[in-house]
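Remarks on the overall topology
Below are the chains, spelled out letter by letter.
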Amino acid sequence: MNMRIGRRNYKLCMRWFAFICSTLVCLLGILVLFPATIKDSNQKFRKILREFTSETKISAELLAFVKRNTSWKNTSAHGANMSAFYSNMMPTLGPPSDIRPNMSAKYSLCVLLMGRLGNQMFQFAAMYGLAAKKGMSVAIDETNQLTNVFKLGVKRKKNYRNICKTYVPRRARFGCGYDKRMATFPANNNYRVGAYLQSWMYFYNASKSLRKQFVFKDDITESKNKVIHSVLRKHNFTSRSNVTLIGVHIRRGDLVDHKFGYQVASESYINKSVHYFLAKQLKNVIFLICSNGMAWTKENMPKGIRSEYIEGNSPAVDMAILGSCDHLISSVGSFSWWSAWLTGGEVTFYQWPAKDGSRLRNAFSKDYKDFFYPGWVGLT
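Here's what I pulled together on the structure shown here. This is a predicted model, so every value here is computed, not measured.

On a plain count of helices and strands, the protein comes out with twelve helices and 13 strands. In the protein, buried positions account for 49% of the 380 residues. Of the contacts formed within the protein by residues at least 6 apart in sequence, a portion of 70% connects residues at least 24 apart. A total accessible area of about 19500 Å² is found for the protein, and carbon and sulfur atoms account for 54% of it.

What follows is the structure, encoded as structure tokens:
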């Protein structure tokens, strides 16, 4: 009897042992095969990405941006009273690398500068960024608006504009968006890039060194400092470090009812942007306001805030003032864009700068992501 029970228990134990062994074998198979399947899928996906990046040469940071977030992020307000105001934030990226053009390279990129200050800054920046990606050199004509405003560190050449016209042309499809074809050329010839090139994606990874190019000349900096010191004295502040300056740029003038399709910033947008910054409870806030439609601006700016209307300066001095602020409320146009970029702080932008169906709207991409800078906050 005891022997039968012992045999039965022995058989039962062996069955359980066999079951456990087979389960372990199955689990081992899953652990081995599943990662292999994932790895195979990843390899196929990476192959597609490699083919894409080999053609476009988009930097790793920009590729991560596309992979991580191809839609705007809805964000919560910093204060409960801001929940109705805080609209969309452009996806953020990691810090840019610090690439720069190779000034000793055999081949060069150039651009025929056109338009006013903001337009020319986009054209220069795109040329600079593309040359940095390609390891090419850049130069600029010795007489132009940018050399009158900034301490550019690139080579200046006499009659370079005419020399640039002889280079192989490459023209972007979008005036206010990124054209990946612009980076798909071998660095074995001299190229001329154009036309408006208004996208941060052309120069993001060269933006650290680009900031060193866009340093205002001494006379402009001196004028800017005089204005800011005057504002501080008026409001009884003795130190710039004790104050938070928020620049406000409101572009109107020729853009009001423009046939090309511009939509100027609304009173609602200005109000929301001001309250966006007020809700942060920043230290000793002063709003510095520049506009080419000052009558409308004075009538529609929120009342009861500490503010100064800046008038009577050149566009370069106005940009220097706005760019030296801690944060900026931008409106529309390239001047406003670059004033915001120069601050390096938080920026609100008017979310719909172009009328649907207009020629201007067709110059942008569908969602504006490649025009408005990463991390900027869109309001309406």
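Another point: the pairing of strand S12 (residues 347–350). The two faces of S12 match: Val-347 and Phe-349 on one face and Thr-348 and Tyr-350 on the other face are all buried. Between the parallel pair strand S11 (residues 327–329) and S12, the chain is carried across by helix H11 (residues 334–343), and the sense of this crossover is right-handed. When S12 meets strand S13 (residues 377–379), the two strands line up parallel, connected through three bridges. Its bridge partner lying in S13, Tyr-350 is registered against Leu-379.

On to the layout of surface pockets. Considered as a void within the structure, the largest pocket measures approximately 930 Å³ in volume. Lining the largest pocket are 46 residues, with Arg-116, Arg-251, Gly-333, Ser-334 and Phe-335 sitting closest to its centre. Among the elements of the structure, helix H3 (117–134), helix H4 (145–149), strand S9 (285–291), helix H10 (315–323), H11 and helix H12 (359–363) are those that each provide at least two residues to the lining of the largest pocket. If one sorts the elements of the lining of the largest pocket by residue count, H11 sits on top with four residues.

Considering all chains together, one arrives at one disulfide under this definition. Two residues, Cys-110 and Cys-164, share a disulfide whose sulfurs are 1.9 Å apart. Looking down the S-S bond of the Cys-110 and Cys-164 bridge, the torsion is 85°, so its handedness is right-handed. Pair noted here: Cys-110 is in strand S3 (residues 108–111) and Cys-164 is in helix H5 (residues 160–164), with a separation of 54 residues, a long-range link. Pair check on accessibility: Cys-110 and Cys-164 agree, each one buried. Cys-325 provides the cysteine sulfur closest to Cys-290, a residue in no disulfide bond, and the two sulfurs are 7.8 Å apart.

The next point concerns the pattern of salt bridges. For the coordinates displayed, the defined rule picks out twelve salt bridges. A salt bridge links Arg-100 to Asp-98; the nearest nitrogen and oxygen atoms lie 3.0 Å apart. Between Arg-181 and Asp-179 there is a salt bridge whose closest N-O contact spans 3.2 Å. Taking the relative accessible area as the measure of exposure, Asp-179 reaches 1% and is therefore buried. Through salt bridges that share partners, Arg-116, Arg-251 and Asp-254 make up one connected network.

Turning our attention to the side chain of His-249. Inspection of the secondary structure puts His-249 in strand S8 (residues 244–250). For His-249, a relative accessible area of 6% puts it in the buried group.

A separate point is unusual backbone geometry. Most peptide bonds take the trans configuration, and most residues that are not glycine carry a negative phi. Between Gly-194 and the following residue, Ala-195, the backbone shows a cis peptide bond with an omega angle of 5°. The residue Ala-195 is located in the loop between strand S7 (191–194) and helix H6 (207–213) in this model. Non-glycine residue Asn-236 carries a positive phi angle of around 65°. Among the secondary structure elements, Asn-236 is positioned in the loop between helix H7 (218–234) and S8. Of note in this structure, Tyr-368 is not a glycine but carries a positive phi near 70°. With respect to the helices and strands, Tyr-368 occurs in the loop between H12 and S13.

Scoring rules and cut-offs
- Residues numbered from 1 in each chain as written.
- Predicted model: local features only at pLDDT ≥ 70, side-chain atom pairs only at ≥ 80, totals over all residues.
- Heavy atoms only, no water.
- Helix = DSSP H or I, 4+ residues; strand = E, 2+ residues; numbered from the N terminus.
- Buried < 20%, exposed > 50% of the residue type's maximum accessible area, 1.4 Å probe, protein only.
- Contact = heavy atoms within 4.5 Å.
- Areas by Shrake-Rupley, 256 points an atom, 1.4 Å probe, with all protein chains shown as cover.
- Right-handed = clockwise from strand over helix to strand, strands pointing away.
- Pairing = 2+ DSSP bridges.
- 1 Å grid on protein atoms, 1.4 Å probe; cavity = no way out; pocket = protein on both sides within 12 Å on 5 of 7 lines; lining within 4 Å.
- Points joined across faces, edges and corners; volume = space filled by probe spheres on them.
- Disulfide = S-S within 2.5 Å.
- Salt bridge = Lys/Arg side-chain N within 4 Å of Asp/Glu carboxyl O.

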